[in-house]
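Residue-level structure breakdown
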Amino acid sequence: VQLQASGGGLVQPGDSLRLACTTSDLTSDDWAIGWFRQAPGKDREFVAATSGRSSGKVYADSVKGRFTVSRDNAKNSAYLQMNSLKPEDTAVYYCAADRALIYSRLAYAGDYDYWGQGTQVTVSS
């Protein structure tokens, strides 16, 4: 599976962005999709994820209520809608995929086998 994240950019605090993760094959409901981010000088951190068949979703506390993860299997795509962006959301955002990843492991980067190149999100006034 190949993945590519897109949709990043430079926005002001309070603005919104929608990131897209396009994949080579998301037609199977088994695929879990995760979003992670890495700010300069910091470790990669979990942002949000959607599981496969159960369609469960999980969010980091820092983005809960502001970000929404979704998927469209027919379009081989997943999305991260980011609202009320803050300067601390500035990072390179990555999407990742893994087949049959259970819900309790969605937040663990090491459990994902497939990663796309990131897209830069900068929130600054």
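Let us look at the overall build of the chain. On a plain count of helices and strands, the chain comes out with zero helices and eleven strands. Overall size of the chain, expressed as C-alpha extent along the three principal axes, is 40 × 25 × 25 Å. Burial statistics for the chain: of 125 residues in total, 43% are counted as buried. Here the chain has roughly 6,200 Å² of accessible surface; of this, 44% comes from carbon and sulfur atoms. Side-chain charges in the chain split into 13 positive and 13 negative, and the spacing between the mean points of these groups amounts to 3 Å.

This part takes up the pattern of salt bridges. For the coordinates displayed, the defined rule picks out five salt bridges. Residues Glu45 and Arg37 are paired through a salt bridge, measuring 2.6 Å at the closest nitrogen-oxygen approach. Taking the shortest distance from any N to any O, the salt bridge between Lys64 and Asp61 comes out at 3.0 Å. Note on Asp61: relative accessible area 65%, which makes it exposed. Three or more residues joined by partner-sharing salt bridges are found here, namely Arg37, Glu45, Arg66 and Asp89.

Turning next to the sheet that holds strand E8 (residues 77–82). Here four strands make up an open sheet; going across it, the order is E1-E3-E8-E7 and the pairing antiparallel. Both outer strands of the open sheet, strand E1 (3–6) and strand E7 (67–72), are each paired with one neighbouring strand and no more. Shown here is a sheet whose adjacent strand axes are inclined to one another by a mean of 15°, direction ignored. Direction of pairing for E1 relative to strand E3 (residues 17–23): antiparallel, over a ladder of four bridges. For Gln4, the partnering residue across the bridge sits in E3 and is Thr22.

Two cysteines form a disulfide when their sulfur atoms are joined by a covalent bond. In the structure shown here, the tally under the stated rule is one disulfide. With its sulfur 2.2 Å from that of its partner, Cys21 forms a disulfide with Cys95. Taking the torsion about the S-S bond as the criterion, the Cys21 to Cys95 disulfide, at about 75°, is right-handed. Separated by 74 residues along the polypeptide, Cys21 in strand E3 and Cys95 in strand E9 (residues 91–99) bring together distant segments of the chain. Look at Cys21 and you get buried, because its relative accessible area is 0%.

Another point: the nonpolar core. In this structure, Trp35, Val47, Phe67, Leu80, Met82 and Tyr93 are the most contacted members of the largest nonpolar core, which totals 34 residues. Secondary-structure elements contributing two or more residues to this core are E1, E3, strand E4 (31–38), strand E5 (45–50), E7, E8, E9 and strand E11 (119–123).

Let us now look at the pairing of E4. Here is the key point about a regular strand: its side chains alternate between the two faces of the sheet. By the criterion of burial, E4 is predominantly enclosed, with seven of the eight residues buried. Across five bridges, E4 lies against E5 in antiparallel orientation. Residue pairing across strands places Trp35 opposite Ala48, the latter belonging to E5. The antiparallel pairing of E4 with E5 creates a hairpin that spans six residues between the two strands, and Gly41 there sits at a positive phi of about 80°.

Rules behind the numbers
Residues numbered from 1 in each chain as written. Predicted model: local features only at pLDDT ≥ 70, side-chain atom pairs only at ≥ 80, totals over all residues. Heavy atoms only, no water. Helix = DSSP H or I, 4+ residues; strand = E, 2+ residues; numbered from the N terminus. Buried < 20%, exposed > 50% of the residue type's maximum accessible area, 1.4 Å probe, protein only. Areas by Shrake-Rupley, 256 points an atom, 1.4 Å probe, with all protein chains shown as cover. Lys, Arg positive; Asp, Glu negative; His and termini not counted. Charge placed at Lys NZ, Arg CZ, Asp CG, Glu CD. Salt bridge = Lys/Arg side-chain N within 4 Å of Asp/Glu carboxyl O. Pairing = 2+ DSSP bridges. Axes fitted to C-alpha atoms, helices over the stretch in contact; angles between N-to-C directions. Disulfide = S-S within 2.5 Å. Core = buried A, V, L, I, M, F, W, Y, C linked by side-chain atoms within 4.5 Å.

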